Amino acid sequence: MPKAKRKAEEPHAVDQKPSKKKAKTTPSNEDAQARFRKGLFDKKVLDQYTGEYSESAPYKHAVIHELIDDKLLRAVRDEIKDNVSFTPKETDIYKIHQSGDLANLDGLGDEALAKLPSLLALRDAMYSQAFRDYVAHVTGCGPLSGRKTDMAINVYTPGCYLLCHDDVIGSRRVSYILYLTDPDIPWKPEWGGALRLFPVKELEGKDGQVAHTPTPDVSKVIPPAWNQLSFFAVQPGRSFHDVEEVYHAESKEQLVREGGRVRMAISGWFHIPQIGEPGYVEGAEERNTKNSGLMQLQGNPDQYDEPRPQPVPAKAKGEESEDFDEADLEFLLRFMAPTYLTPDTIEQVSEHFGDSSSITLPNLLGKKFAARLRTYILAQEKASKDLPEDSAKIEKETPWRVAKPPHKHRYLYQQSSLPSSSSKDNKSKGKGKKAREESDESDSPIRELLDEFLPSPQFRHWLQMATGCTIESHDFLARRFRRGKDYTLATGHEGKPRLELNLGITPTKGWGDDDDDGQVDENEEENETSSKKKAKKDKKGKSKGSNSSAVEAVVEKEEDKEEGEGEVGGHEVYMAGDEGSDNEDAAIYKSSHHADDEDNILFFQAAAWNRLSLVLRDSGALRFVKYVSRRAKGDRWDVSGTMEVEEEDGDDEGEGEEGYIDPLADDTEEEWKGFSPSEDSDSD
């Protein structure tokens, strides 16, 4: 599945055209060096950093402590706190508060610039010839542009993060981050917010080509510190890194004592020389972009992505009877609530799905099976402390595998044991049970979902009646998104529309869409899920007061959040794939600039218990599961399914709406006349 094309992999505006208004002065080498700490430019110190850089791992990087003159940097921090506004923004890959690009400082009026003299002095020092030469010497990367300034201020408050990426865009040559955390309250590593580097695995294919792909576990952690600079050369397919979540405090009082845990930093890039600058090479930027793309494709790294699709062909049309016989119903009642097997309910589901191409069904699983499943998952949650941190150990010691590479997704998963063995024979626990016993998962109801219920002809028949789609193949995956670790980034898919299923089996509360034991609010509108309402509420809430006048405003909001649950992520989002303007991320779905865009989100489902979502998705829709915060009360659990369906002529009227079917609690005996489930069937 192709990854969504992104205009920006970092959480601030990038590669913008330089402001027409240039800085009034360019500091001399002597003036520029005076803005850094004393002794930084001594040859001995330069050689020390150069040596450390060359020996660093997992790829070459450097960390310089006390980079800037302390008095100047404190003045910069004060100016930012008093005069710079920040916009909260979320995409699939980050959640941050960001300023505008500091390249645009030159375009400000005299009155505005008068409030930011130290910030302007810092920016000019960072892009001075003296410091560019310093960075070029340490990294050995070659000349750097002084004209193309590309930097912004990012504020990470509790719950903010940036997921794995390699910074490769356009003419970038060196990536850097300068921390402006509170100089009087030293940052503690246990607060999170670290820059983390991922090692890259080299894999040789059958054709002899070597592909580079990041491993799912970081190998270098660099916590923030006041006046600390971290930097590295941007390398396609190698310079993968993320920013660890800034973790919440245990109470509002603790957060206040710790200064709000505000991870403020100036981050940006040094670029290759631009036209008219020393070292400029005509066509270099175009070749750099082309080579970056080739490097990403070299060795076909996608072939090593996990999990790999395992579609199982369905029976040809006409081989299945139109109605359920008694044995079919008996099998389905082991897993499903009887309400969903009545003709009236199936017809109601079909009508809603036909109108909107999506639907959410609460309490799909029958009470007995759901209770056993919930008990099993809660036991797994309780034993989470015994789950290894290392991905290789997880795959060796548990039935779970780790989705990879992390610049696309990371979560734990299980696939069907017998992807091609689904048949009516499994209705009596035949081959599915044997497969579970052989894999030491004989008591796992998750495996029963994967190996028996969902791939069964009976459930496929039910899906076809409920959606009106003719299913050609199916592929099911149990997923576990660990809190503080896991996510999927936005992807589209190529080809015809397909039916996608998600069965939420998250037993914990606090995900933003909680009903008591999966029960529905009686006052809820029939055609709109509570999760859709939450999406609208979130966007409206984000728009209110989203442009803060100072950092304190951001901190006050975070302190208020400590009193409540706050957002923990884990929701699955379908959104329109329009990329918008040239400087916007395709997957922005929360921002003050997008607060009134009700059409941006096509479908939104928070983590939930015993809730089935069905979406007929076309290739233009992006899909992702939001990073699960460590603040969540548990992990996010689900079973995800993809089904190829026959294309039918017709329009897409109503696509993107949602339907919500309220299970009927008063089914009459007449509806079930003539059917007597066996004693061990899972009926209500």
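Details of the structure are given in the entry above.
Please read these numbers as outputs of a predicted model, since none were measured by experiment.

(A) The arrangement of the overall build of the chain in detail. From N to C terminus, the chain includes 17 helices and 27 strands. Counting the 684 residues in the chain, one finds 56% classified as buried. Taking all contacts inside the chain whose residues are at least 6 apart in sequence as the whole, residues at least 24 apart take part in 84%. Summed over its atoms, the accessible surface of the chain is roughly 29900 Å², and 47% of this surface lies on carbon and sulfur atoms.

(B) A look at helix H10 (residues 343-356). A rise of 1.5 Å per residue sets the reference length of H10, with its 14 residues, at 20 Å; its end C-alpha atoms lie 20 Å apart and thus fit the reference within 8%. Listed as buried for H10 are Thr-345, Ile-346, Val-349, His-352, Phe-353 and Ser-356. In an axial view of H10, the angular spread of the buried residues amounts to 130 degrees, which keeps them on one side of the axis. Summarising the geometry of H10, the exposed residues directed more than 90 degrees from the buried face are Pro-343, Gly-354 and Asp-355. Phi turns positive, to about 65 degrees, at Ser-357, one or two residues after H10.

(C) Representation of the environment of Ile-346 in the model. By the element assignment, Ile-346 lies in helix H10. Classification of Ile-346 by relative accessible area gives buried; the value is 10%. Sequence separation of Ile-346 and Met-465 is 119 residues, and the distance between their C-alpha atoms is 7.0 Å. When neighbours within four sequence positions are excluded, Ile-346 is seen to be in contact with Tyr-340, Leu-341, Trp-462, Met-465 and Ala-466.

(D) Spatial organisation of the sheet that holds strand S26 (residues 621-625). Taken in spatial order, the three strands make up an open sheet running S24-S22-S26, and their pairing is antiparallel. Among the strands making up the open sheet, the edge pair consists of strand S24 (601-605) and S26. Mean inter-strand twist for the sheet, computed between neighbouring axes without regard to direction, equals 10 degrees. Pairing analysis gives four bridges linking strand S22 (residues 572-576) to S24, with the strands arranged antiparallel. Opposite Glu-572, over in S24, you have Gln-605 as the bridge partner.

(E) Structural view of the packing of helix H3 (residues 70-83) against helix H5 (residues 117-126). At their nearest, the axes of H3 and H5 sit 8 Å apart, and the two run at 125 degrees to each other. The orientation of H3 with respect to H5, classified from their angle, is oblique. Along this stretch, H3 crosses H5, giving a crossing that reads as left-handed. Of the residues in H5, those touching H3 at Leu-72, Leu-73, Ala-75, Val-76, Glu-79 and Ile-80 are Pro-117, Ser-118, Leu-119 and Leu-122.

(F) Looking closely at the pattern of salt bridges. Inspection of every chain in the model, using the stated rule, returns 30 salt bridges. Among the salt bridges present, the one from Lys-485 reaches Glu-389, with a minimum N-O distance of 2.7 Å. With Lys-485 in the loop between strand S19 (471-481) and strand S20 (487-488) and Glu-389 in the loop between helix H11 (367-382) and helix H12 (391-397), this residue pair connects regions lying 96 residues apart in the sequence. Lys-485 gets classed as partly exposed once you look at its relative accessible area, which sits at 23%. For Glu-472, the salt bridge identified is with Lys-496, shortest N-O distance 2.8 Å. Taken together, the residues Glu-472 in strand S19 and Lys-496 in the loop between S20 and strand S21 (498-505) connect sequence positions 24 residues apart. For Glu-472, a relative accessible area of 34% corresponds to the partly exposed category.

(G) The arrangement of helix H6 (residues 129-139) in detail. For H6, a buried count of eight out of eleven residues is recorded, marking the element as mostly surrounded by other parts of the structure. Buried residues of H6: Ala-130, Phe-131, Arg-132, Tyr-134, Val-135, Ala-136, Val-138 and Thr-139, and no others. Positive phi appears at Gly-140, one or two residues downstream of H6, with a value of about 65 degrees.

(H) Expanded view of unusual backbone geometry. Put simply, Glu-306 and Pro-307 share a cis peptide bond, and its omega is 5 degrees. The step from Lys-404 to Pro-405 runs through a cis peptide bond, and the omega angle for that step is 5 degrees. Relative to the helices and strands, Pro-405 resides in the loop between strand S16 (401-402) and strand S17 (409-410). Phi at Asp-167 is positive, roughly 70 degrees, even though this residue is not glycine. One can find Asp-167 in the loop between strand S5 (161-165) and strand S6 (172-179). Phi at Asn-363 is positive, roughly 55 degrees, even though this residue is not glycine. Residue position: Asn-363 is located in the loop between strand S15 (358-362) and H11.

(I) Region of interest: the pairing of strand S4 (residues 150-156). Summarising burial for S4: seven of the seven residues are buried, a large majority. In terms of strand pairing, S4 meets strand S13 (residues 263-271) through seven bridges, oriented antiparallel. Bridging across to S13, Ile-153 finds its partner in Ile-266.

Here is what the cut-offs are and how they apply
- Residues numbered from 1 in each chain as written.
- Predicted model: local features only at pLDDT ≥ 70, side-chain atom pairs only at ≥ 80, totals over all residues.
- Heavy atoms only, no water.
- Helix = DSSP H or I, 4+ residues; strand = E, 2+ residues; numbered from the N terminus.
- Buried < 20%, exposed > 50% of the residue type's maximum accessible area, 1.4 Å probe, protein only.
- Contact = heavy atoms within 4.5 Å.
- Areas by Shrake-Rupley, 256 points an atom, 1.4 Å probe, with all protein chains shown as cover.
- Expected span 1.5 Å × (residues − 1).
- Arc of directions from axis to C-beta.
- Pairing = 2+ DSSP bridges.
- Axes fitted to C-alpha atoms, helices over the stretch in contact; angles between N-to-C directions.
- Parallel < 35°, antiparallel > 145°, perpendicular 65-115°, else oblique.
- Left-handed = near helix turned anticlockwise from the far one by under 90°.
- Salt bridge = Lys/Arg side-chain N within 4 Å of Asp/Glu carboxyl O.

Note that every value here comes from positions in space, so none of it alone points to a role or purpose.
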